[in-house]
Amino acid sequence: MMSSLLDWFIQPDVITAIVAFGSMGLFFVGLFGLLTQRHLIKIFISISLMEAAVFLYFLGTIFHRELTAPILGDGHTAFTGMNDPIPHAMILTAIVIGMALFALGVSFAIEYYKLTGRTDINKMKEMGE
Amino acid sequence: MNFKRDIPVRTYSGFALSALLVLTILTILLQSSVEKIERAGDKLLGINAQEGVANAVTSVVVYFRGFDTLGEIAVLFIAALGIGLMVSSHKSAQRHKEESNFILQTASKLLFPFITLFGVYVMIYGHLSPGGGFQGGVIIASGVLLLLISYQNFEVPHALITALETLAGISYVLIGLLGLWILDHFLGNFLPSDISDMGMLISGGIIPLIYIIVGVKVGSEMSMIVQNLIQRSDDE
């Protein structure tokens, strides 16, 4: 019973579906937070959640169980039967950029709070009405 | 939970419906053609076999997309610059001192060399094993964060960080220009790289060199970001 359930789970289609649904759900959790929360730092955290969902989606969809990591070693001597290295490199770039933007945004939010004492985006008056 | 009044329920149900639609289309697409797609990565892996770098992700990041990585660390630099500028715009006189306890201080003194060593290892072996410049740099910055938390008087040496960062940035561009001069394309692999050396520490020509440079730059920038944010949260 248990092993047949596990066998059903490790089918490629099922894994792809789980990754697609799960990352889409995480993305919409982030989008929901972005639309409903009014605290500045919570908004940045929501954006980070959406980013994480995109990263998970990319890495999950290129993952194949029968292929190895794109690194030689541990008995692999040829670049065959490996997972695609391009999404790994792209996500590596995107993680660094996302982290830098998150740090910059949070520091802007802290600075705004120190200058005005407000964190609520609905009470921002500086942009003009 | 406080919902915003002027976003009606209809908007949310619209979002849910669009999500369902996107999911349906996505699953149909994925199930129909997941086997037939010819991946660009296979071609890259084929080229990579002549390049002499064991970690294909590293050779994609540093070699095939080396110019992108230069832009990426430029973005990181601009973010660090923005954070630093806003801190120095009204610099606080003192971080108010509250000594952390003795256990934390001793443990961080013991741990910091090992964290730095591990970061340098991840950086140098980036072309052979999982890891690389970005990861190693962030590990070193986490060691700096540990010191900043446990010693209230600790300051990252500003001149040293600036010198390291400038040196790393300049040498990245210089290596790229050398490749342009010798091999007629930016970041050309002008150092001798033999395929039979694959898996050795010195292999792959300029690729490990560039990843070490990226690691130094990321480590110094992240240390500055961490220090600026800590100072900021202290001086409220």
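Just so you know, the residues in each chain are numbered from 1, in the order the chain's sequence is written. Written order decides the labels, with chains lettered from A and ligands numbered from 1. Where totals are concerned, whole chains, interfaces and linings use all residues; where local detail is concerned, this predicted model gives features only for residues with pLDDT of at least 70, and gives and counts side-chain atom pairs only at 80 or more. Calculated side-chain values reflect all of the structure's heavy atoms, with hydrogen atoms and water omitted.

S.K.: What is the right way to look at the overall build of chain B in this model?
M.R.: Looking only at helices and strands, chain B has eight helices and zero strands in total. For chain B, the proportion of its 236 residues judged to be buried stands at 43%. The secondary structure listing takes helices from DSSP runs of H or I that are at least 4 residues long and strands from runs of E that are at least 2 residues long, numbered from the N terminus. Only protein chains enter the accessibility calculation, which uses a 1.4 Å probe; a residue whose area is less than 20% of its type maximum is buried, one above 50% is exposed, and one in between is partly exposed.

S.K.: Would you mind going over a nonpolar patch on the surface with me for this structure?
M.R.: Residue and element names in this part refer to chain A. Patches draw on residues past 30% relative accessible area with no salt bridge. Two like charges within 9 Å are joined, as are two nonpolar side chains (Val, Leu, Ile, Met, Phe, Trp, Tyr) within 5 Å. Values of accessible area rely on a 1.4 Å probe in the Shrake-Rupley scheme; residue burial ignores everything except the protein chains shown. Take a side-chain nitrogen of Lys or Arg and a carboxyl oxygen of Asp or Glu: if they are within 4 Å of each other, that pair is a salt bridge. A cluster of nonpolar side chains, M2, L5, L6, W8, F9, I10 and I18, forms an exposed patch at the surface whose accessible area comes to about 670 Å². For the nonpolar patch, the element with the highest residue contribution is helix α1 (residues 2-9), accounting for five residues. If you trace the backbone, L5 turns up in helix α1.

S.K.: Any chance you could explain the packing of helix α3 (residues 40-61) of chain A against helix α4 (residues 85-116) of chain A here in plain terms?
M.R.: Angle between the axes and distance between the axes are the two parameters that describe a pair of packed helices. Residues and elements named next belong to chain A. Close contact between α3 and α4 brings their axes to 10 Å; oriented N to C, the two are set at 175 degrees. Between α3 and α4, the angle is such that the two are roughly antiparallel. Of the residues in α4, those in contact with L40, I41, F44, I45, S48, E51, F55, F58 and L59 of α3 are P87, H88, M90, I91, A94, I95, G98, F102, G105, V106, A109 and Y112. When residues are sorted by character, Ala, Val, Leu, Ile, Met, Phe, Trp, Tyr, Cys and Pro go into the nonpolar class, Asp, Glu, Lys and Arg into the charged class, and all the rest, Gly among them, into the polar class. Across the contact of α3 with α4, the residue classes tally to 16 nonpolar, four polar and one charged. Think of each axis as a best-fit line through the C-alpha atoms, taken over the contacting stretch in the case of a helix, with angles from 0 to 180 degrees between the N-to-C directions. Here roughly perpendicular refers to angles of 65 to 115 degrees, roughly parallel to angles under 35, roughly antiparallel to angles over 145, and oblique to all remaining angles. Between two residues, a contact is recorded if the distance between any of their heavy atoms is within 4.5 Å.

S.K.: Even after reading the chapter, I still don't get the interface of chain A and chain B, so can you show me in this structure?
M.R.: Often, the extent of an interface is quoted as the loss of accessible area on bringing the components together. On the side of chain B, 50 residues touch chain A, which itself brings 39 residues to the contact. By definition, the buried area sums, over both parts, the 1.4 Å-probe accessible area that each loses when the two are put together. Surface buried jointly by chain A and chain B totals about 4100 Å² across both partners, of which 75% is contributed by carbon and sulfur atoms. Counting every contact that joins chain A to chain B gives zero salt bridges. Whenever a nitrogen or oxygen atom comes within 3.5 Å of another N or O atom, the pair is scored as a polar contact, on the condition that within protein one atom can donate a hydrogen and the other can accept it, and that pairs from neighbouring residues in sequence are kept only if both atoms are in side chains. Applying the counting rule to chain A against chain B returns three residue pairs in polar contact (both at pLDDT 80 or more). Where the side of chain A that touches chain B is concerned, the elements lending two or more residues are α2 (12-36) and α4 of chain A. Sort the elements by how many residues they give to the side of chain A that touches chain B and α4(A) lands first, with 18 residues. Along the lines of polarity and charge, the residues of the side of chain A that touches chain B split into 27 nonpolar, seven polar and five charged.

S.K.: Whenever I open this one, α3(A) confuses me. Can you help?
M.R.: For an α-helix, the turn length of 3.6 residues means that residues three or four places apart are oriented alike. The length a helix should cover is 1.5 Å for every residue beyond the first. For α3(A), with 22 residues, the first-to-last C-alpha span of 32 Å sits near the 32 Å given by 1.5 Å per residue. On the buried face of α3(A), the contacting elements are α2 and α4 of chain A.

S.K.: What's the story with the packing of α4(A) against helix α3 (residues 56-64) of chain B in this structure? I'm lost.
M.R.: Two elements in contact, α4(A) and α3(B), have axes whose closest approach is 9 Å; the angle formed by their N-to-C orientations is 55 degrees. In this view, α4(A) runs oblique relative to α3(B), as classed from their interaxial angle. Seen along the crossing, α4(A) lies across α3(B) with a hand that is right-handed. The segment α4(A) lies against α3(B), with A:P85, A:H88, A:A89 and A:L92 engaging B:A56, B:V57, B:V60 and B:V61. We call a crossing left-handed when the near helix sits turned anticlockwise from the far one by less than a right angle, and right-handed when that turn is clockwise.

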